[in-house]
Amino acid sequence: MEIRQLRYFLTVAEELHFGRAADRLHIVQSAVSQQVRRLEHELGAELFDRTTRTVALTEAGRQLLPHARDVLAAEARARAAIDRLRTERAVTLRLGTSSGLGTRLEGILAAFARLAPDAQLELVTAATDTRLKEVRSGELAATLLRGEREDTGLELLPLWQDPLMVALPARHDLAARDGIDMADLAGLPLRLTPQTRNPALFDLVTRSCRAAGFEPVLGPEFTTVQDTLATIAYGKPSWTVFYAPHADQLPVPGVAFRPLRNPAPAMRTYLAVRPDPPGAGLRALIEACHAVYEQSH
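Residues numbered from 1 in each chain as written. Predicted model: local features only at pLDDT ≥ 70, side-chain atom pairs only at ≥ 80, totals over all residues. Heavy atoms only, no water.

Engineer: Give me the lowdown on the packing of helix H1 (residues 3–15) against helix H3 (residues 29–43), citing residues and values where you can.
Structural biologist: Running from amino to carboxyl end, H1 crosses H3 at an angle of 110°, the nearest separation of the two axes being 9 Å. Compared by their axis directions, H1 and H3 come out roughly perpendicular. Seen from H1, the contacting residues are Arg-4, Gln-5, Leu-6, Tyr-8, Phe-9 and Val-12; seen from H3, they are Ala-31, Val-32, Gln-35, Val-36, Arg-38, Leu-39 and Glu-42. Considering only residue class, the contact of H1 with H3 consists of eight nonpolar, two polar and three charged. (Axes fitted to C-alpha atoms, helices over the stretch in contact; angles between N-to-C directions. Helix = DSSP H or I, 4+ residues; strand = E, 2+ residues; numbered from the N terminus. Parallel < 35°, antiparallel > 145°, perpendicular 65-115°, else oblique. Contact = heavy atoms within 4.5 Å. Nonpolar A, V, L, I, M, F, W, Y, C, P; charged D, E, K, R; others polar.)

Right, here's the structure in full:
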């Protein structure tokens, strides 16, 4: 039995709704349902009667409720005592970052400085798998993650969604438009990071192309931002994609950035953290990330 399972159980018991409980916990609903099921399996008893319309406590759930409250209250008192100790000294949190965050990252830094003025946030750039590994080991407090991944062993807290923008030669006929239909890019070579390096982005773009009715023609791989954009600007016509916050910071002569539509692909960003109860610094970081999310809505 894990404390987080009791926390999820108590939140569902208070809300009597898995979706509202997930919103309160800032996690996806499937994670709440999965952990409650695991708790029920361990206890050998159903804790909730579920129908398509209602959720109600069973007798076993009612029996567990006061004990869950006692355990979580004791855990909160213990955490508060440790937090008081931690605030007596400067805290440095190491946050893994993803490319193309643009002003999102600036917003996180500003909100964190406001929420935890005595703490420092150290930014760490590395490959996605490396960052996830370092969060699991405790080398990183958390990492920003583009796209959901399964079996990470971590909690993925959903944040904002960023639309993708197409980058294409400014001299191309399509650049005269305010927005580009995905179907109009059929036949134009696509410069994209390989699936092995960025599966979430590769899958999103290729899935969007197929939804528009064509199979993308893969050109040379996306290498660096500078080299790829220079080739698009002055080489044979081709296209690539950038997250909108990144594209806004990339005025490049010879390259036009335009919104995509029909469909309009967008990527969800998550904050990946260990499933343990967060300390004061990490709670401030989570709150800072959610503040940036709220500002984007």
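So that's the structure; there's more coming.
Engineer: Before we move on, can you summarise the side chain of Thr-58 with the specific residues and values?
Structural biologist: Here Thr-58 is to be found in the loop between strand E2 (55–57) and helix H4 (59–86). In this structure the side chain of Thr-58 is engaged in a polar contact, spanning 2.6 Å, whose partner is the backbone oxygen of Glu-46. Ignoring anything within four residues of it in the chain, the contact list for Thr-58 reads Glu-46, Leu-47, Phe-48 and Asp-49. (Polar contact = N/O pair within 3.5 Å; in protein donor to acceptor, adjacent residues only side chain to side chain.)

Engineer: Describe the nonpolar core, listing the residues and the values that go with them.
Structural biologist: In terms of nonpolar packing, the biggest core is built from 49 residues, with Phe-9, Val-32, Phe-48, Phe-112, Leu-144, Leu-271 and Leu-285 touching the most fellow members. The greatest single-element share of this core, amounting to eight residues, is contributed by helix H10 (residues 280–295). Ile-180, Met-182, Cys-209 and Val-241 belong to the second-largest nonpolar core, a separate cluster that totals 23 residues. (Core = buried A, V, L, I, M, F, W, Y, C linked by side-chain atoms within 4.5 Å. Buried < 20%, exposed > 50% of the residue type's maximum accessible area, 1.4 Å probe, protein only.)

Engineer: Mind laying out the pairing of strand E5 (residues 142–146), listing which residues take part and the relevant values?
Structural biologist: Taking burial as the measure, the five residues of E5 include five buried ones, the bulk of the element. In E5, alternate side chains face the same way, and those of Ala-142, Leu-144 and Arg-146 on one face and Thr-143 and Leu-145 on the other are all buried. Where strand E3 (residues 91–97) lies against E5, two bridges are found, and the strand directions are parallel. Looking at the pairing, Leu-95 lines up with Ala-142 of E5. Looking at chain direction, E5 and strand E10 (residues 266–273) are connected through four bridges and run antiparallel. (Pairing = 2+ DSSP bridges.)

Engineer: Before we move on, can you summarise H10 with the specific residues and values?
Structural biologist: Between its terminal C-alpha atoms H10 stretches 23 Å, which fits the 22 Å expected from 16 residues at 1.5 Å a residue. Taken together, the buried positions of H10 are Gly-281, Leu-282, Ala-284, Leu-285, Ile-286, Ala-288, Cys-289, His-290, Ala-291 and Val-292. (Expected span 1.5 Å × (residues − 1).)

Engineer: If you had to explain helix H8 (residues 225–234) to someone new, which residues and values would you point to?
Structural biologist: In an α-helix there are 3.6 residues to a turn, and that puts residues three or four apart on one side. Within the span of H8, buried status applies to Thr-228, Leu-229, Ile-232 and Ala-233. Each buried residue of H8 sits inside an arc of 135° when the element is viewed along its axis, so together they form one side. Residues of H8 that are exposed and point more than 90 degrees away from the buried face comprise Gln-226 and Tyr-234. Contacts made by the buried residues of H8 are with strand E6 (155–169), strand E8 (240–243) and strand E9 (255–261). (Arc of directions from axis to C-beta.)

Engineer: An account of the packing of aromatic side chains is requested, with residue identities and associated values reported.
Structural biologist: A complete count under the given rule lists four aromatic pairs for this structure. Both rings, one in Phe-18 and one in Phe-48, keep their centres 6.0 Å apart while their planes meet at 70°; by these two values the pair is edge-to-face. With Phe-18 in helix H2 (residues 18–25) and Phe-48 in strand E1 (residues 48–50), this residue pair connects regions lying 30 residues apart in the sequence. One exposure class covers both Phe-18 and Phe-48, and it is buried. For the ring pair Phe-222 and Phe-242, a centre distance of 5.8 Å and an interplane angle of 65° mean the geometry is edge-to-face. (Phe/Tyr/Trp six-rings, centres within 6.5 Å; stacked < 30°, edge-to-face > 60°.)

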